[in-house]
Amino acid sequence: MAVRRIVSALRRGTPRIAQLSTAPAAREQTAAGREAAPGCGTAEAARPPVPVVDFGNTQEAYRSRRSWELVRSLLVLRLCASSALLAHHEQLLHIARRFLGQRLFEKLMKMTFYGQFVAGEDQESIRPLIRHNRAFGVGSILDYGVEEDLSPQEAERKEMESCTSAVEREGSGTSKREKQYQAHPAFGDRRDGVISARTYFYANEAKCDSHMETFLACIEAAGQASEDGFSAIKLTALGRPQFLLQFSDVLTKWRRFFHQMAAEQGKAGVAAVDTKLEVAALQESVAKMGIASRTEIKNWFTAETLGVSGTVDLLDWSSLIDSRTELSKHLVVPNMQTGQLEPLLSRFTTEEEQQMTRMLQRMDVLAKRATEMGVRLMVDAEQTYFQPAISRLTLAMQRKFNVGKPLIFNTYQCYLKDAYDNITLDVELARREGWCFGAKLVRGAYMAQERSRAAEIGYEDPIHPTYEATNAMYHRCLNYILEELKHNTRAKVMVASHNEDTVHFTLHRMKELGLYPADRQVYFGQLLGMCDQISFPLGQAGFPVYKYVPYGPVMEVLPYLSRRAMENSSVMKGARRERQLLWQELKRRVCTGSLFHRPA
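Our subject in this report is the structure included herewith. Each chain has its residues counted from 1, running along the sequence as written. Residue-level local features of this predicted model are given only where pLDDT is at least 70; pairs of side-chain atoms are given and counted only at 80 or more, and the full residue set underlies all totals for whole chains, interfaces and linings. Hydrogens and water are ignored here; the side-chain numbers use all heavy atoms of the structure.

Quick look at the overall build of the chain
The secondary structure listing takes helices from DSSP runs of H or I that are at least 4 residues long and strands from runs of E that are at least 2 residues long, numbered from the N terminus. The secondary structure content of the chain amounts to 25 helices and 12 strands. Only protein chains enter the accessibility calculation, which uses a 1.4 Å probe. A residue is then buried if its area is under 20% of the maximum for its type, exposed if over 50%, and partly exposed in between. A total of 600 residues make up the chain; the buried ones form 56% of that total. Taking all contacts inside the chain whose residues are at least 6 apart in sequence as the whole, residues at least 24 apart take part in 80%. As displayed, the chain offers around 25300 Å² of accessible surface, 54% of which is attributable to carbon and sulfur atoms. Between two residues, a contact is recorded if the distance between any of their heavy atoms is within 4.5 Å. Residue-level accessible areas treat just the shown protein chains as cover; the underlying method is Shrake-Rupley with a 1.4 Å probe.

Right, here's the structure in full:
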């Protein structure tokens, strides 16, 4: 099958390391070598304490900013908190452009919203800002912020065409995919309800090649700007999303089948990473379902493929999809509603198989170029109906390129109910196979869209019901990873958050666990133009901190700016602290005669 062959190609040559290790055992082994690890310094007792960071010290927080920049921030963030203004912002921008003309309109944008949230128009123009921030301890994650300006109707048409297979379009067969993984016209415009993330719509393979070239330019700019930069990529920009939908459907059904078998063995409710099925009972169940003969099933579970424990865990089970066995013809699962066996993988045309292959080739090109330039790649998370495939393909890249250090970072959305299961399984996979775990933790950018889609189409809402539940999940996932970092010097995490409480939580746990800024295992990330009172004190205290830096021509970045304004509205109406600190610093400068402060 196409999916199995393609993912198998990325895995080829990867040895199976060990059976599931319990966390304490694995951590004792890695902890033994921590003090001797190169670059980790001397014994903990001789090391300086983790620095104390004061996010209320406005003089230090805004030392890198001129007074006019503080005024601009106050103005822009105040406008972003106005619901009435934002409700009509597109019409107001259109009127301003017609009234001022193109040239004056662009100047106005550069003085306000564009200047606040975007670094510049091209690779040359962004270098001064990158160097300036670097001088104050803040690095950059480069992201070309240009989006295609499509009408909602055009976006819907492109989405429906690119998310439907040839078989489905011809009407020669109904889709076997679950409702969540089918394209729906009501949600064809994936920009709707998305507050910050850029959105790509598939046009053709040439356009995907163009996106790849743009990402390559970002990687080169990041490599030239600093020695430890990041660059962000989106997999929906690199290929036909139909592949991601179908592969996500496969992975979800296969995982659900595992949990159904676990329930039969009396193991329902056990944590995903701890669930183990008895092989003998599993073989008997699969044979009774008629999926394969007992002889064939025995060949699936051998010492070479699954170890010798007599049990199968979820990682073992997942590896069967892309293992080098003759399993493809057996990739069927029972439909609980009909009782019939259904194939996991749909039929692909030759052209669709070629499109999938080219998508993976583009990913490989980007990862190799990042390796050459010394740049880390952050694979952005996307909608839940794409995300299982995105995460699986990212893991394949990590397996290949995260050998000596984390080059590829996967993104985990903590507003998802299954975030903790996903993280614990991926950490265990990295331990087992011996590659370096790299993660970025976010809360998530698609909440409104995900909720309305689930309610409209009729499947379980994948998002936590409250903001408090999301925060609890974020801290639970973060704490688990920090515990892993304590005993594994090669693992790294980026805490991508504007929440001051979350940053304080991270600093507190780093102090308790003995994780030092100089080890550069824990990174912090915020958006350009937001939360400088967090970013710059962290950077000046020696913590690795980065700004997410978009760039691109003014008119082509407007769609991005519109959603950034909407995001700021949701953030700033609930927390006025940043504006209060900006006012406080401006008053201090007026009172002390330092209104014309020049950063140095």
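Brief notes about helix α25 (residues 577-592)
Given the number of residues in a helix, its expected span is that number minus one, multiplied by 1.5 Å. A rise of 1.5 Å per residue sets the reference length of α25, with its 16 residues, at 22 Å; its end C-alpha atoms lie 22 Å apart and thus fit the reference within 8%. Of the residues making up α25, those classed as buried are E578, R579, L581, L582, E585, L586 and R589. Along α25, the residues classed as buried sweep out an arc of 160° about the axis, all on the same side. Residues of α25 that are exposed and point over 90 degrees away from its buried face: Q580, K587, V590 and C591. G593, located one to two residues past α25, shows a positive phi value of around 75°. It is the directions from the helix axis to the C-beta atoms that the arc portrays.

Topic: the sheet that holds strand β11 (residues 522-527)
Note on pairing: DSSP must find at least two bridges between two strands before they are called paired. Strands sit in the order β1-β2-β7-β8-β9-β10-β11-β12 around a closed barrel of eight strands; the barrel is parallel. The mean inter-strand angle of the sheet, taken between neighbouring strand axes irrespective of direction, is 30°. The pairing of strand β1 (residues 138-144) with strand β2 (residues 230-233) spans two bridges and is classified as parallel. Residue pairing in the sheet places L142 in a bridge with S231 of β2. To get an axis, a line is fitted to the C-alpha atoms, and for a helix only the part in contact is used. The angle between two axes follows their N-to-C directions and goes from 0 to 180 degrees. In the packing of helix α18 (residues 387-401) onto the sheet, the strands contacted are β7 (376-379), β8 (408-413) and β9 (438-442), and the crossing angle to β8 comes to about 155°. Its contacts with the sheet place helix α22 (residues 500-513) against β10 (492-496) and β11, and it is angled at close to 170° to β11.

Quick look at the packing of helix α19 (residues 419-433) against helix α21 (residues 467-487)
Where α19 contacts α21, the two axes come as close as 9 Å, and the packing angle between them is 15°. Of the possible angle classes, the one that applies to α19 and α21 is roughly parallel. Judged by the sense of rotation from one axis to the other, the crossing of α19 with α21 is right-handed. Where α19 abuts α21, its residues A419, Y420, I423, T424, V427 and R431 lie against M473, R476, C477, Y480, I481 and E484. Grouping the constituent residues of the contact of α19 with α21 by class yields eight nonpolar, one polar and three charged. We call two directions roughly parallel when the angle between them is under 35 degrees, roughly antiparallel when it is over 145, roughly perpendicular when it lies between 65 and 115, and oblique otherwise. When the near helix sits turned anticlockwise from the far one by under a right angle, the crossing is termed left-handed; a clockwise turn instead gives a right-handed crossing. Lys, Arg, Asp and Glu make up the charged group, whereas Ala, Val, Leu, Ile, Met, Phe, Trp, Tyr, Cys and Pro make up the nonpolar group; the residues left over, Gly among them, are polar.

A closer look at the pattern of salt bridges
A carboxyl oxygen of Asp or Glu within 4 Å of a side-chain nitrogen of Lys or Arg is what we treat as a salt bridge. Counted by the stated rule, this structure contains 30 salt bridges. Across the pair R63 and E60 runs a salt bridge, and its minimum N-O distance is 3.5 Å. Its relative accessible area of 27% is what places R63 among the partly exposed residues. One salt bridge connects R358 with E205, and the closest N-O pair in it is separated by 3.0 Å. On the criterion of sequence distance, the pair formed by R358 in helix α17 (residues 350-373) and E205 in helix α11 (residues 205-225) is long-range, its members being 153 residues apart. Residue classification places R358 among the partly exposed residues on the basis of a relative accessible area of 26%. Bridged by salt links that share partners, the residues D313, D316, E428, R431, R432 and E484 form one connected network.

Digging into unusual backbone geometry
Notably, R520 is not glycine yet its phi reads approximately 55°, a positive angle. Within the secondary structure layout, R520 lies in the loop between α22 and β11. Unlike most non-glycine residues, C531 shows phi in positive territory, near 55°. Here C531 is to be found in the loop between β11 and α23 (532-540). A relative accessible area of 5% places C531 in the buried class.

Digging into the side chain of Q521
Among the structural elements, Q521 can be located in the loop between α22 and β11. A relative accessible area of 3% means that Q521 is categorised as buried. Separated by 3.5 Å, the side chain of Q521 and the backbone oxygen of T489 make a polar contact. Within 3.5 Å is the distance limit for a polar contact, defined as a pair of N or O atoms, with the added protein rule that one can donate a hydrogen and the other accept it, and that residues adjacent in sequence qualify only through two side-chain atoms.

What to know about helix α4 (residues 67-80)
Compared with the 20 Å implied by 1.5 Å per residue over 14 residues, the 20 Å span of α4 between its first and last C-alpha is a close match. Burial in α4 covers these residues: S67, E69, L70, R72, S73, L74, V76, L77 and C80.

Concerning a nonpolar patch on the surface
Candidate patch residues must exceed 30% relative accessible area and have no salt bridge, after which like charges are joined if within 9 Å and Val, Leu, Ile, Met, Phe, Trp or Tyr side chains if within 5 Å. On the surface, V590, L595 and F596 cluster together into a nonpolar patch covering about 350 Å² of accessible area. For L595, a relative accessible area of 34% corresponds to the partly exposed category.

Regarding the packing of α11 against α17
Direction vectors running N to C along α11 and α17 enclose 10°, while the axes themselves pass 9 Å from each other. One way to sum up the angle between α11 and α17 is to call them roughly parallel. Of α17, the residues touching α11 (which contributes E205, C208, D209, M212, F215, L216, I219, E220, G223 and Q224) are Q355, R358, R362, V365, L366, R369, A370 and M373.

Points about the environment of A232
If you trace the backbone, A232 turns up in strand β2. Relative accessible area serves as the criterion here: at 0%, A232 is assigned to the buried category. Expressed as a C-alpha distance, the spacing of A232 and M378, which sit 146 residues apart in the sequence, is 4.7 Å. Residues contacting A232, with those up to four places away along its chain left out, are I141, L142, D143, F215, M378, D380 and Y548.

Regarding the environment of E124
Checked against the element boundaries, E124 lands in the loop between α7 (113-117) and α8 (127-135). With 97 residues separating them in the primary sequence, E124 and A221 have C-alpha atoms 8.7 Å apart.

A look at the pairing of β7
Residues of β7 alternate between two faces, with R376 and M378 on one and L377 and V379 on the opposite face, all of them buried. Relative to β8, β7 runs parallel, the two being bridged by three bridges. Within β8, the residue paired with M378 across the bridge is F409. Considered for its hand, the β-α-β crossover made up of β7, α18 and β8 is right-handed. Handedness rule for crossovers: strands pointing away from the viewer, path from the first strand over the helix to the second running clockwise, crossover right-handed.

Observations regarding the packing of aromatic side chains
Each aromatic ring pair is characterised by the separation of its centres together with the angle its planes make. In this analysis, rings of Phe, Tyr and Trp, with Trp reduced to its six-membered ring, are considered paired at centre separations within 6.5 Å, and the interplanar angle assigns stacked below 30 degrees, edge-to-face beyond 60, and tilted for intermediate values. All chains considered together, the criterion is met by 13 aromatic pairs. The interplanar angle of 80° and the centroid separation of 5.4 Å between the aromatic rings of F230 and F409 together place this pair among those described as edge-to-face. In this pair, F230 is assigned in strand β2 and F409 in strand β8, connecting sequence segments 179 residues apart. Taken as a pair, F230 and F409 share a single burial class, namely buried. We count a charge as sitting over a ring when the NZ of a lysine or the CZ of an arginine lies within 6 Å of the ring centre and within 35 degrees of the ring normal. Sitting above the plane of the F105 ring, R97 keeps its charged end 5.9 Å from the centroid. Cation over ring: R476 sits above Y420, and NZ or CZ is 3.6 Å from the ring centre.

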